[in-house]
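# Descriptive structure summary
The primary structure of each chain is shown beneath.
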Amino acid sequence: MNFAATLRIALLALRINKLRSALTMLGIIIGVAAVIVMIAVGNGAQARVEDQIRSLGSNIIMVLSGSMTSGGARGGSGSQPTITEDDAYALNREIDEIQAAAPSLRGSGQVVLGNTNWSTVFYGTSPEYLLVRDWPVIEGRGFEQAEINGAGKVALIGQTVALNLFGETNPVDQVVRINKVPLTIIGVLDRKGQNMMGQDQDDIVLMPISTARKRVLGSSRFAAGRNVGSIMVKVKDGADMAAAEARMRELLRQRHRLQTGQDDDFYVRNLSEILQAQEASSKVMSLLLAAVASVSLLVGGIGIMNIMLVSVTERTREIGLRMAVGARARDILTQFLVEAVTLSLIGGAIGILLGVGGAMAIAELANWRTELSGSSIVLAAGFAGAIGIFFGYYPARKASRLLPIEALRYE
Amino acid sequence: MSEPLIRVEGLTKDYVMGSNVVPALRGVTLDIAAGEFVAVMGPSGSGKSTFMNLLGCLDHPSAGSYWFGGQEVSALSGDELAAVRNRKLGFVFQHFNLLARTSALDNVALPLLYGNVPASERYPRAERRLSQIGLADRIDHHPAQLSGGQQQRVAIARALVNDPQLVLADEPTGALDSRTSVEIMALLQQLNREGITIVLVTHEHDIANFAGRIISFRDGKVVEDRANEAKDAAAAL
């Protein structure tokens, strides 16, 4: 017997008991829709964390100046400038796992353009900074090495600064003054958005580290020598973060001539770790959501099995007759299996539509980020089909094992 | 002498009910030639229905042999028996056993579906059989929209659609009034005249009288096997 005929018989049988078929499908519909919505919500939460990681830049390790102990009172982090520009260059040069290390000197001040001004933070840094933070320049250009070496009077500005000072006009090649030092804007950075603390990362001015040290910071204690506030390090993709961290520590201790047993005079912070922990917890949450939703799909499958068993009993005489006119056991098996799979696949299809609609509605109404993935839809559809086969098999086998003579005589 | 269509030898069937073994058929031996119209009679429990089920390849005998058209069918597997039923046998039941909410045409075409006959051939053949029994104008009707006699005629069309060598009719008039019963018998007689072998189970003498040979069962054995001068059902109407 060919498949088209089997499918036609299955559809007819389902049509005869419309309400029952619809109610049986409902279990699968709800299950599939729940799985899709829950996976979309879970993925949405995960994507938000991933976005934060991306905006920070991935595989980032920060090196901060250590604390100073004077007269038994220990100062906070950065109270003593211990790390230097040269530490950054040494990290870059000597540790294979490191893709780039950028020193930075932080300061704040008023940026003045004609008769408007804007208060912001600025960083003196090296060209590696943009690499470390995965931060492209969307207009103009980045720093050149000559500008770093020669304390060039140039600056890159973030989107927020650009908007507040220049509005719609192109800032490139315009001159602004920071702490009375005129700097030519050579480029505008791409939008980064908020960091995980809610700070606006686009409210920023970048300049060569030498410029900051010699021209802008002026009397700050960082201006002396080659000290920097922090070094931002990007570890190569796929490299072992912990190993990189250990080697960095070792190198810095060596450079700072620290004896064994002496405390580090710097701090190493792995920023990605915090976010990765968040990501892991949101992954667990989405897995949990999907698991709960799968339970309802399973219950839907049991509903199918239940109804198929009832149907086999009700149609015992029909099965007997089909056998009498020549249906083989496997024809009967196929017929009931196709019926169960048809139920679950139609239910699955409706469930997918509802699930996609539900995920969109949640995004719209609850303002949650949801992310529909093709793979979750394929998974749900496959799962629905598998449930039809799994839960349909037992009743179908029961039907196919009936003896024709007993089935015919069944009252 | 030509090979008989049916030959059974020592056909035995026991039913196991709990710890009891109930013998339903105790060694039946007989031949039925092609083209015969045989009525099988007997009170309930005589074994006539069991005999019928074995002839119809619906059940396996406990012992004995059954040759159908020269082929030993008592040794065949379930699927092979299904194939024999599909190609060589036609069934008519007391309660018609038509599929509910399914058109007369689809009901008649059902055996062809399991015989893998393509749809383009299935429906013309089913339609031809329905017109042959005078129901050409009812092909789209569902069983519930037909009278008992019409339903039984649809069932007969279904039994004939695969051009069987043998039609087995199990109390085909049991659920019909007497006039309709005679109509159905007239139809069966007509088919028999066209060359189809018919074995009919009944407990009514009036119905058995339309057959050319009457075999009587009692306690699982044949007690009488005689030729009968068949009454013409068409004339009796």
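Scroll up to find the structure this text is about.
Residues numbered from 1 in each chain as written. Chains lettered and ligands numbered in written order. Predicted model: local features only at pLDDT ≥ 70, side-chain atom pairs only at ≥ 80, totals over all residues. Heavy atoms only, no water.

### Side note on a nonpolar patch on the surface
All names here are of chain A. The grouping of Phe3, Leu7, Leu11, Ile346, Ile350 and Leu354 at the surface amounts to a nonpolar patch, some 490 Å² of accessible area in total. Looking at the nonpolar patch, the elements with two or more residues in it are α1 (3-16) and α11 (329-365). Mapped onto the elements, isoleucine 346 comes out in helix α11. (Patch = residues over 30% accessible without salt bridge, like charges linked within 9 Å, V, L, I, M, F, W, Y side chains within 5 Å. Areas by Shrake-Rupley, 256 points an atom, 1.4 Å probe, with all protein chains shown as cover. Salt bridge = Lys/Arg side-chain N within 4 Å of Asp/Glu carboxyl O. Helix = DSSP H or I, 4+ residues; strand = E, 2+ residues; numbered from the N terminus.)

### As for the side chain of A:Asp87
All names here are of chain A. Within the element layout of this structure, aspartate 87 appears in helix α3 (residues 85-94). Looking at aspartate 87, the relative accessible area reads 1%, which means it is buried. What aspartate 87 contacts, discounting residues up to four positions off in sequence, is Thr82, Ile231, Leu252, Arg255 and His256. (Buried < 20%, exposed > 50% of the residue type's maximum accessible area, 1.4 Å probe, protein only. Contact = heavy atoms within 4.5 Å.)

### Structural notes on the pattern of salt bridges
This model, assessed by the stated rule, comprises 31 salt bridges over all chains. In this structure, A:Arg141 engages A:Glu147 in a salt bridge whose closest nitrogen and oxygen atoms are separated by 2.7 Å. Under the relative-accessibility criterion, A:Arg141 is labelled partly exposed at 31%. When its relative accessible area of 12% is taken as the criterion, A:Glu147 is described as buried. Its salt-bridge partner being B:Asp163, residue B:Arg129 comes within 2.5 Å of it at the nearest N-O pair. One end of the pair, B:Arg129, is in helix α4 (residues 119-132); the other, B:Asp163, is in the loop between α5 (148-160) and β7 (166-170), with 34 residues separating them in the sequence. We classify B:Arg129 as buried; its relative accessible area is 16%. Beyond isolated ion pairs, a larger network of salt bridges with shared partners links A:Glu85, A:Asp86, A:Arg213 and A:Arg226.

### A word on helix α8 (residues 241-255) of chain A
Residues and elements named next belong to chain A. Along its 15 residues, α8 runs 21 Å from first to last C-alpha, staying within 8% of the 21 Å computed at 1.5 Å per residue. Buried residues of α8: Met241, Ala244, Glu245, Met248, Leu251, Leu252 and Arg253, and no others. For α8, the capping residue at the N-terminal end is aspartate 240, with a side-chain oxygen 3.0 Å from the backbone nitrogen of alanine 242. Immediately downstream of α8, the backbone of arginine 257 shows phi near 55 degrees, a positive value. (Expected span 1.5 Å × (residues − 1). Polar contact = N/O pair within 3.5 Å; in protein donor to acceptor, adjacent residues only side chain to side chain.)

### Examining the interface of chain B and chain A
Facing the 24 residues of chain B at the interface are 25 residues of chain A. Summing both partners gives a buried area of about 2,100 Å² for chain B against chain A, and 58% of it is carried by carbon and sulfur. The interface formed by chain B and chain A includes two salt bridges. With a closest N to O distance of 3.5 Å, B:Asp106 and A:Arg8 form a salt bridge. At the boundary of chain B and chain A, one finds six residue pairs in polar contact (both at pLDDT 80 or more). Only α2 (78-88) and α3 (104-114) of chain B provide two or more residues apiece to the side of chain B that touches chain A. Of the residues forming the side of chain B that touches chain A, the biggest block, five residues, is contributed by α3(B). Of the residues contributing to the side of chain B that touches chain A, the split by class is twelve nonpolar, six polar and six charged. (Buried area = accessible area lost by both parts, 1.4 Å probe. Nonpolar A, V, L, I, M, F, W, Y, C, P; charged D, E, K, R; others polar.)

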